[in-house]
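Results of the structural survey
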Amino acid sequence: ARLRCEARSGGGVKVLVGDPAVWTPQPGGVAVSVGVFDGVHLGHRQMLQALVEDAADLGDLPFGAITFDRHPLATIAPDKAPPLITTPEERLALFEEAGLGFAAVLAFDETMRSLPAEGFVETVLANGLGARLVVVGEGFRFGLDAAGDVDELRRLGDHFGFAVRGVELLETATGPISSTLIRRTVLEGDVEAAAGLMGRPFSRTGRVVAGDHRGSEIGFPTANLEIRPGLLVPARGVYAVVAIVDGDRLPAVVNIGIRPTFNGSREVVEAHLLDYSGDLYGSDLTLEFVDRLRGEIRFDSIEGLVEQIGRDVELARKRLHQA
């Protein structure tokens, strides 16, 4: 595929896609950070901040990031590929928020996978972008079979004419911040802890689709979200969330699960927006998860379920008012 350069809506980050062999390097070179950047969490932000500072020290070099259109394991070992915290589109929006001037999105296909370390550096960093500075995490690996590390990148940088900075992982009281740690906390339902690691609430966006109207029948109408396959979803249970509809931020209660009281078998993500009435079908709805209120429960009666949902709503109001 040939290169496409696109400015995102609003003018922000310029996006490079396609074959790096046909990219036109920036005159004077660029500063660039490389990684999957899944979640663009606080550790990633620290690395990007180092990129910005070093780019300024080198004469205000244009600065940006290289990411991938999928998790590398989706190609290398599909059965081990983790669910994504952020889609590539969401990552681009977060790069824009971070003030990056450009982002390159590489297709991690068999061709990319098979590039040896030196081939990746020559094709993408040196010839594709004209890198003068490359900033990565200290644990960065690259090239065929992840054979390249930061020391190898420095050696290649000396050969191809760019400097390398390795940034130590950002530590918390329980260890370094990583996308793996964030996935684990979300899968455990601890969305509050995940927000502390990300620097913002964990969120999920989906298209509102028709459900079976169980919620309406019991007095709590819900919007059923269709979540793209391969994306991270919190543990089953009930959550206090902020729902974003057409730019409006609304309090909501979200249930994730199979609805065992109705003998369900398919997992659903359904949101009850508090104090809202309107037709959301076909709309994109974003959920910012604030707190997990309880786990999934099977009730002996519909009446028991309705009573519990009422308590969930009141608890969500209190929790969201405190947030």
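What comes next concerns the included structure. (Residues numbered from 1 in each chain as written. Predicted model: local features only at pLDDT ≥ 70, side-chain atom pairs only at ≥ 80, totals over all residues. Heavy atoms only, no water.)

**Structural notes on the side chain of Thr67**
- Inspection of the secondary structure puts Thr67 in strand E4 (residues 63-68).
- Side-chain polar atoms of Thr67 contact the side chain of Arg91, separated by 2.8 Å.
- Setting aside residues up to four positions removed in sequence, Thr67 forms contacts with Gly35, Val36, Phe37, Arg91, Phe95, Ala104, Val105 and Leu106. (Helix = DSSP H or I, 4+ residues; strand = E, 2+ residues; numbered from the N terminus. Polar contact = N/O pair within 3.5 Å; in protein donor to acceptor, adjacent residues only side chain to side chain. Contact = heavy atoms within 4.5 Å.)

**Some remarks on the packing of helix H7 (residues 179-187) against helix H8 (residues 191-198)**
- Following both chains from N to C, one finds H7 and H8 inclined at 160 degrees, their axes separated by 8 Å at the closest point. In terms of orientation, H7 lies roughly antiparallel with respect to H8. For the crossing formed where H7 meets H8, the hand is left-handed. Seen from H7, the contacting residues are Leu181, Ile182, Thr185 and Val186; seen from H8, they are Ala194, Leu197 and Met198.
- Partitioned by chemical class, the residues of the contact of H7 with H8 number six nonpolar, one polar and no charged. (Axes fitted to C-alpha atoms, helices over the stretch in contact; angles between N-to-C directions. Parallel < 35°, antiparallel > 145°, perpendicular 65-115°, else oblique. Left-handed = near helix turned anticlockwise from the far one by under 90°. Nonpolar A, V, L, I, M, F, W, Y, C, P; charged D, E, K, R; others polar.)

**Let's talk about empty space enclosed by the protein**
- In total, this model carries two cavities of 30 Å³ or more according to the counting rule given.
- If you go around the largest cavity, you meet 22 residues; those closest to its centre are Asn255, Glu270, Arg294, Leu305 and Ile309.
- At the level of secondary structure, the elements contributing two or more residues to the lining of the largest cavity comprise helix H9 (214-217), strand E13 (248-257), strand E14 (268-273) and helix H10 (302-322).
- Roughly 40 Å³ of internal volume is contained in the second largest cavity.
- Along the walls of the second largest cavity sit Arg204, Leu225, Ile227, Leu232, Val233, Pro234, Ile256, Val269, Leu287 and Phe289, which together make up its complete lining.
- For the lining of the second largest cavity, the class distribution of residues is nine nonpolar, no polar and one charged. (1 Å grid on protein atoms, 1.4 Å probe; cavity = no way out; pocket = protein on both sides within 12 Å on 5 of 7 lines; lining within 4 Å. Points joined across faces, edges and corners; volume = space filled by probe spheres on them.)

**Digging into the sheet that holds strand E10 (residues 203-209)**
- Read once around its circumference, the closed barrel built from six strands follows the order E10-E11-E14-E13-E12-E15, with strand pairing classed as antiparallel. When strand polarity is set aside, the average angle formed by the axes of neighbouring strands in this sheet is 45 degrees.
- Pairing of E10 with strand E11 (residues 223-226) involves three bridges; the strand directions are antiparallel. Counted as the bridge partner of Arg207 is Glu226 from E11.
- Packed on one face of the sheet, H10 meets strand E12 (237-245), E13, E14 and strand E15 (284-294) and runs near 100 degrees to E15. (Pairing = 2+ DSSP bridges.)

**A short note on the environment of Gly12**
- Inspection of the secondary structure puts Gly12 in the loop between strand E1 (4-7) and strand E2 (14-17).
- For Gly12, a relative accessible area of 36% puts it in the partly exposed group.
- Each C-alpha atom of the pair Gly12 and Glu97 lies 8.6 Å from the other, and the pair is 85 residues apart in sequence.
- Other than its neighbours up to four places away in sequence, Gly12 contacts Glu96 and Gly101. (Buried < 20%, exposed > 50% of the residue type's maximum accessible area, 1.4 Å probe, protein only.)

**Quick look at the layout of surface pockets**
- In this structure, the largest pocket spans a volume of roughly 1,100 Å³.
- Around the largest pocket, the lining is made up of 39 residues, and of these Gly35, Val36, Gly139, Phe140 and Arg141 lie nearest the centre.
- At the level of secondary structure, the elements contributing two or more residues to the lining of the largest pocket comprise helix H1 (42-57), helix H2 (73-76), helix H4 (110-113), strand E6 (131-137) and H7.
- By residue class, the composition of the lining of the largest pocket is 22 nonpolar, eleven polar and six charged.

**Points about the packing of helix H5 (residues 117-129) against helix H6 (residues 150-160)**
- One way to put it is that H5 packs onto H6 with a least axis distance of 11 Å and a crossing angle of 50 degrees. The angle between H5 and H6 places the two elements in the oblique class. H5 and H6 meet at a crossing whose hand is right-handed. For the pair H5 and H6, contact is made by Ala117, Glu118, Val121, Glu122, Leu125 and Ala126 and by Leu153, Leu156 and Phe160, respectively.

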